[in-house]
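Listed below, chain by chain, are the residues.
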Amino acid sequence: MHQPGANPNDLRMEDVLCDFCAAAWTPERAMVEGHRGSCICHACLAVAYADLSPQPARQPIGQGPCTMCLEDRGEPHWRSPVRDVARICRRCARMAAVVLERDPDADWSRPQA
Ligand SMILES: [Zn+2]
Ligand SMILES: [Zn+2]
């Protein structure tokens with residue numbers, strides 16, 4: 001998400017916030033973007049991925065659309081304990097993990113189950 005009042009035509013790094021913990025994007029805090037400016041940071045993704053990747057997931061089927069893909073796939077969702085309006089579905093958590101692992105600047109790898 002974007003900082004309220006941020007100029008969408010001149011976004012700075014600190015205007016981009018994680019939808020799940022509201023922390024700002026920094027060189028140390030890698031982010032993966034979803035639809036409509038939604039973002040998840042590496043720290044939130046690690047927790048979400050650890051909860052969602054096992055079969056069965058450690059999270060229930062979510063109600064309502066995923067913040068990242070805007071779809072309601074009837075999949076397990078992880079909801080942030082900090083911002084519980086934000087949720088990420090299993091598919092998005094997996095896709096974001098792949099993106100982040102390929103980002104040489106992120107230095108991130110998915111948590112081992
Ligand atoms: Zn976060
Ligand atoms: Zn999703």
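Look a little higher up for the structure.
Below: a short report on this structure. (Residues numbered from 1 in each chain as written. Chains lettered and ligands numbered in written order. Predicted model: local features only at pLDDT ≥ 70, side-chain atom pairs only at ≥ 80, totals over all residues. Heavy atoms only, no water.)

## Structural notes on the overall build of the chain
Step number 1: A tally of regular secondary structure across the chain gives 2 helices and 4 strands.
Step number 2: N-terminal to C-terminal, the α/β element order of the chain is β-β-α-β-β-α.
Step number 3: Taken over the C-alpha trace, the chain has a radius of gyration of 13 Å; the compact-globule value for 113 residues is 13 Å, and the two agree within 12%.
Step number 4: Considered along the principal axes of its C-alpha atoms, the chain spans approximately 40 × 30 × 20 Å.
Step number 5: Split into buried and exposed, the 113 residues of the chain put 42% on the buried side.
Step number 6: Taking the intrachain contacts of the chain between residues at least 6 apart in sequence as the baseline, contacts between residues at least 24 apart amount to 39%.
Step number 7: Counting every atom, the chain has about 6,500 Å² of accessible surface; 50% of that belongs to carbon and sulfur.
Step number 8: Once the 13 positive and 15 negative side-chain charges of the chain are each reduced to a mean point, those two points are 8 Å apart. (Helix = DSSP H or I, 4+ residues; strand = E, 2+ residues; numbered from the N terminus. Rg over C-alpha atoms; globule rule 2.2 N^0.38 Å. Buried < 20%, exposed > 50% of the residue type's maximum accessible area, 1.4 Å probe, protein only. Contact = heavy atoms within 4.5 Å. Areas by Shrake-Rupley, 256 points an atom, 1.4 Å probe, with all protein chains shown as cover. Lys, Arg positive; Asp, Glu negative; His and termini not counted. Charge placed at Lys NZ, Arg CZ, Asp CG, Glu CD.)

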